[in-house]
Amino acid sequence: MKLTKKEVEDLYKKTLHLVKTKPPEFFGFRKMRGTVGLCYWTDIELDYRRDIIPTAFHELLHYLYPEWSESNILYAESRIMNVCSSLEIARFLRHLSYKLYKSEMLKHFLQKPSRIESVSKSAWKDNSAK
Ligand SMILES: [Zn+2]
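Residues numbered from 1 in each chain as written. Predicted model: local features only at pLDDT ≥ 70, side-chain atom pairs only at ≥ 80, totals over all residues.

Caption draft 1: Here's a closer look at helix α1 (residues 5–21). The end-to-end C-alpha separation of α1 is 24 Å, in line with the 24 Å expected for 17 residues at 1.5 Å each. Buried residues of α1: L11, Y12, T15, L18 and V19, and no others. Buried residues of α1, viewed axially, fall in a sector of 125 degrees; they line one side. Exposed side chains of α1 directed beyond 90 degrees from the buried face belong to K6, D10, K13 and T21. Lining the buried residues of α1 we find α2 (52–64), α3 (70–83) and α4 (86–111). (Helix = DSSP H or I, 4+ residues; strand = E, 2+ residues; numbered from the N terminus. Expected span 1.5 Å × (residues − 1). Buried ≥ 20, exposed ≤ 12 C-beta atoms within 10 Å, placed from the backbone. Arc of directions from axis to C-beta. Contact = placed C-beta atoms within 7 Å.)

Caption draft 2: Quick look at the nonpolar core. Ranked by size, the top nonpolar core spans 18 residues in total, and within it L60, L61, I80 and L96 carry the most contacts. Residue assignment for this core shows that the elements contributing at least two residues are α1, β3 (44–46), α2, α3 and α4. Residues in contact with L61, not counting those within four places in the same chain, are L11, T15, W68, I73, A76 and E77. (Core = buried A, V, L, I, M, F, W, Y, C linked by C-beta atoms within 7 Å.)

Caption draft 3: A look at the sheet that holds strand β2 (residues 37–39). Pairing is mixed across the open sheet formed by 3 strands, whose spatial order is β1-β3-β2. Pairing within the sheet leaves two strands with one partner each, and these edge strands are β1 (27–29) and β2. In this sheet, neighbouring strand axes are inclined to one another by 15 degrees on average, regardless of whether the strands run parallel or antiparallel. As defined by bridge partners, β1 adjoins β3 across 3 bridges and the pair is classed as parallel. Bridge pairing links G28 to E45 in β3. (Pairing = 2+ DSSP bridges. Axes fitted to C-alpha atoms, helices over the stretch in contact; angles between N-to-C directions.)

Function cannot be inferred from these measures alone, as they are strictly geometric.
Pasting the structure below:
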């Protein structure tokens, strides 16, 4: 596989579009063993202890091109990392971190419903005291 600069720019735009349009739950952080990222049909997961940016491109490419071989994905990932400007990478990271933050917030509060309850109860108490 060979990718021209133009084709790499297209891949960048497609992955950025996914990050912008997928719901927060599509993105998740998790500690993993033996791998740094995973791509499912419904979501992707990233190990936050590893290189998040290239891994995110990698998993999004798997999602976009399930028929591509692992070596083609690795090649496209490295082309994106080398061709894109630091501004483009920063833009990608900005959108990705926004989604990951929302996703982790959702996970955090869904796993601890008692916490929401106690927060809203105390909020109600504060309101009623005024
Ligand atoms: Zn892979």
